[in-house]
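Listed below, chain by chain, are the residues.
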Amino acid sequence: MNPYVLAILLFSLGLGTTMTFSSSHWLLAWMGLEINTLAITPLMAQQHHPRAVEATTKYFLIQATAAAMILFASTTNAWLMGEWNINNVSNPITNMMIISALALKIGLAPAHFWLPEVLQGLNLLTGLILSTWQKLAPFALIIQVAQNTSPTLLTLLGISSTLVGGWGGLNQTQLRKILAYSSIAHMGWMMIIIHYAPQLTTIALITYIFMTSAAFLTLKTLNTTKINTLSTAWSKNPTLTAITPLILLSLGGLPPMTGFAPKWLIIQELAKQNLPLTATIMVLTALLSLYFYLRLCYTATLTINPNTINATTPWRTKTTMNLLPLTLTITTTLGLLPLTPTILALTT
């Protein structure tokens, strides 16, 4: 892709998200979401491959549907209440429509079916943008609307997403699909607490972005998209292959990695809100996700690819990638747990 075109598209991505962040009017927020969608579409289709074109088409149709729902709901709210302000969506029907549309936008269950298929058709860097940056603008709106939304609806969305994210990833062999189901499960954790403690949702989202970036950049560096090719990674980059299980276990939420902090805080807050059953279900669904992360850890570090032919082993060659983003994301993914009290104090 032409570097000037790429720069314009990336600038538009930033502009769309910033516009949604800073707006208090529904029309401006909607425009920001639309700019975001239109900016990432060429990035998704840049490979000129049937899978990439199919993924782009699916993504565009889903995002256009969600944007139309948001526009319709906000117009209806303005008609009924005489109010375009994002914080004043007091009509329960329009509120539910907006939450449903935003759930469709970020791929929450039960509106999640498009996400694994779309992510599977993209290369790893575009998949990284889709899984991280594209979640920011919708979540900014969800956080503002959630205070007027029924906690039961948000709890149902959260529990169904963690269940689907855990179950869906169990029988996958494609790493991009596994990361898509991981994304759905993490979104569920954020939704479950958003009504009671929005600051914990923010912490969980930032942590998720760092962990997912580390996972995607690791797979990009190892040039791996399937589980069976993950078992040859040890010969390409032994150090990074040794760190990969730690990144995956951080995504699974095991201490002493960073990924444990948001889960720990969310469970603690659910217990404070007298919701022990919800907290128990969330912990049990986390075990489902942990199973497929452990499967990836086992494949990456404890198995050797069964080569039946005398093929040349893919040996260590110097990568041309800039390794600074990978180093920074891995460091934050593995080492921020001791700073949890500080982060919590800064956000409350």
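Residues numbered from 1 in each chain as written. Predicted model: local features only at pLDDT ≥ 70, side-chain atom pairs only at ≥ 80, totals over all residues. Heavy atoms only, no water.

A. Molecular detail of the overall build of the protein. A count of helical and extended segments in the protein gives 17 helices and 0 strands. Along the longest, intermediate and shortest principal axes, the C-alpha atoms of the protein span 75 × 50 × 35 Å. Residues counted as buried form 51% of the 348 residues belonging to the protein. Contacts in the protein between residues at least 24 apart in sequence constitute 78% of all its contacts with a sequence separation of at least 6. (Helix = DSSP H or I, 4+ residues; strand = E, 2+ residues; numbered from the N terminus. Buried < 20%, exposed > 50% of the residue type's maximum accessible area, 1.4 Å probe, protein only. Contact = heavy atoms within 4.5 Å.)

B. Quick peek at unusual backbone geometry. Between Ala109 and Pro110 the backbone carries a cis peptide bond, its omega angle lying at 5°. Within the secondary structure layout, Pro110 lies in the loop between helix H4 (92-106) and helix H5 (114-120). Positioned with a positive phi, Asn223 is a non-glycine residue whose angle comes to about 55°. With respect to the helices, strands and loops of the structure, Asn223 is situated in the loop between helix H10 (198-222) and helix H11 (227-230).

C. Focus on the domain arrangement of the protein. As assigned here, the protein comprises domain 1 (1-122) and domain 2 (150-312 + 320-347). Measuring from the centre of the C-alpha atoms in domain 1 to the corresponding centre in domain 2 gives 24 Å. With 15 residues of domain 1 at the interface, the matching set in domain 2 holds 18 residues. Between domain 1 and domain 2 lies a buried interface of about 1,400 Å² when both sides are counted; carbon and sulfur atoms form 73% of it. The tally of links from domain 1 across to domain 2 stands at 1 salt bridge. Measuring nitrogen to oxygen at the nearest pair gives 3.5 Å for the salt bridge that ties Lys177 to Glu117. Inspection of the region where domain 1 meets domain 2 yields 5 residue pairs in polar contact (both at pLDDT 80 or more). (Domains from an automatic or database assignment. Buried area = accessible area lost by both parts, 1.4 Å probe. Salt bridge = Lys/Arg side-chain N within 4 Å of Asp/Glu carboxyl O. Polar contact = N/O pair within 3.5 Å; in protein donor to acceptor, adjacent residues only side chain to side chain.)

D. Representation of the packing of H10 against helix H16 (residues 324-335) in the model. Closest axis-to-axis distance for the H10/H16 pair is 8 Å, and the angle between their directions is 135°. It follows that H10 is oblique to H16 by the angle criterion. In the packing of H10 onto H16, the handedness of the crossing is left-handed. Across from Phe210, Met211, Ser213, Ala214, Leu217, Thr218 and Thr221 in H10, the residues of H16 making contact are Pro325, Leu326, Thr329, Ile330, Thr332 and Thr333. (Axes fitted to C-alpha atoms, helices over the stretch in contact; angles between N-to-C directions. Parallel < 35°, antiparallel > 145°, perpendicular 65-115°, else oblique. Left-handed = near helix turned anticlockwise from the far one by under 90°.)

E. Main features of the UniProt feature "transmembrane region" (unreviewed entry) in the protein. Taking the UniProt record as the reference, the feature "transmembrane region" (unreviewed entry) is found at residues 57-81, 93-115, 152-171, 178-197, 203-219, 240-257, 277-294 and 323-346. Annotated as 100% helix and 0% strand, the span residues 277-294 places its first and last C-alpha atoms 26 Å apart. (UniProt positions renumbered as here; feature names shortened; annotations may be inferred.)

F. Quick look at the UniProt feature "domain: NADH:quinone oxidoreductase/Mrp antiporter transmembrane" (unreviewed entry) in the protein. UniProt records the feature "domain: NADH:quinone oxidoreductase/Mrp antiporter transmembrane" (unreviewed entry) for residues 23-288 in the present numbering. Helix and strand shares over residues 23-288 are 77% and 0% respectively, and the end C-alpha atoms of the span are 38 Å apart.

G. Highlighting the nonpolar core. Counting 48 residues, the largest nonpolar core has Ile40, Tyr59, Val118, Leu122, Leu130, Leu175 and Leu296 as the members making the most contacts within it. A domain-level breakdown of this core finds at least three residues from each of domain 1 (1-122) and domain 2 (150-312 + 320-347). Those residues in contact with Tyr59 that lie beyond four places of it in its chain are Thr37, Ile40, Met44, Trp114, Val118, Leu130 and Gln134. One finds Trp26, Ile98, Leu108 and Ala197 within the second-largest nonpolar core, a separate group that totals 44 residues. (Core = buried A, V, L, I, M, F, W, Y, C linked by side-chain atoms within 4.5 Å.)

H. The pattern of salt bridges, seen in detail. With the rule as written, the count across this model stands at 2 salt bridges. In this structure, the salt-bridge partner of Glu54 is Lys58, at a minimum N-O distance of 2.9 Å. Of this pair, Glu54 and Lys58 both sit in helix H3 (residues 50-81), 4 residues apart, which is roughly one turn of that helix.

I. Just the environment of Pro256, in detail. Positionally, Pro256 belongs in the loop between helix H13 (238-252) and helix H14 (260-272). It is 9.7 Å that separates the C-alpha atoms of Pro256 and Leu246, two residues lying 10 residues apart in sequence. Residues in contact with Pro256, not counting those within four places in the same chain, are Leu334 and Leu337.

J. Region of the structure containing the side chain of Gln120. Here Gln120 lies in helix H5. Its relative accessible area of 9% is what places Gln120 among the buried residues. When residues no more than four places from it in sequence are discounted, the contact partners of Gln120 are Arg51, Gln174, Arg176 and Lys177.

K. Broad picture of a nonpolar patch on the surface. There is a patch of nonpolar side chains on the surface, built from Met1, Val5, Leu6 and Leu10 and spanning about 320 Å² of accessible area. By secondary structure assignment, the location of Leu10 is in helix H1 (residues 3-22). (Patch = residues over 30% accessible without salt bridge, like charges linked within 9 Å, V, L, I, M, F, W, Y side chains within 5 Å. Areas by Shrake-Rupley, 256 points an atom, 1.4 Å probe, with all protein chains shown as cover.)

L. How the structure looks around the layout of surface pockets. Of the voids in this model, the largest pocket is the one considered here, and its volume is about 340 Å³. Lining the largest pocket we find 15 residues, and of these Leu10, Leu13, Leu125, Ile129 and Trp133 sit closest to its centre. Secondary-structure elements contributing two or more residues to the lining of the largest pocket are H1, helix H6 (124-131), helix H7 (133-145) and H10. Residue composition of the lining of the largest pocket, by class: 9 nonpolar, 5 polar and 1 charged. Split by domain, the residues of the lining of the largest pocket number at least three in each of domain 1 (1-122) and domain 2 (150-312 + 320-347). (1 Å grid on protein atoms, 1.4 Å probe; cavity = no way out; pocket = protein on both sides within 12 Å on 5 of 7 lines; lining within 4 Å. Points joined across faces, edges and corners; volume = space filled by probe spheres on them. Nonpolar A, V, L, I, M, F, W, Y, C, P; charged D, E, K, R; others polar.)

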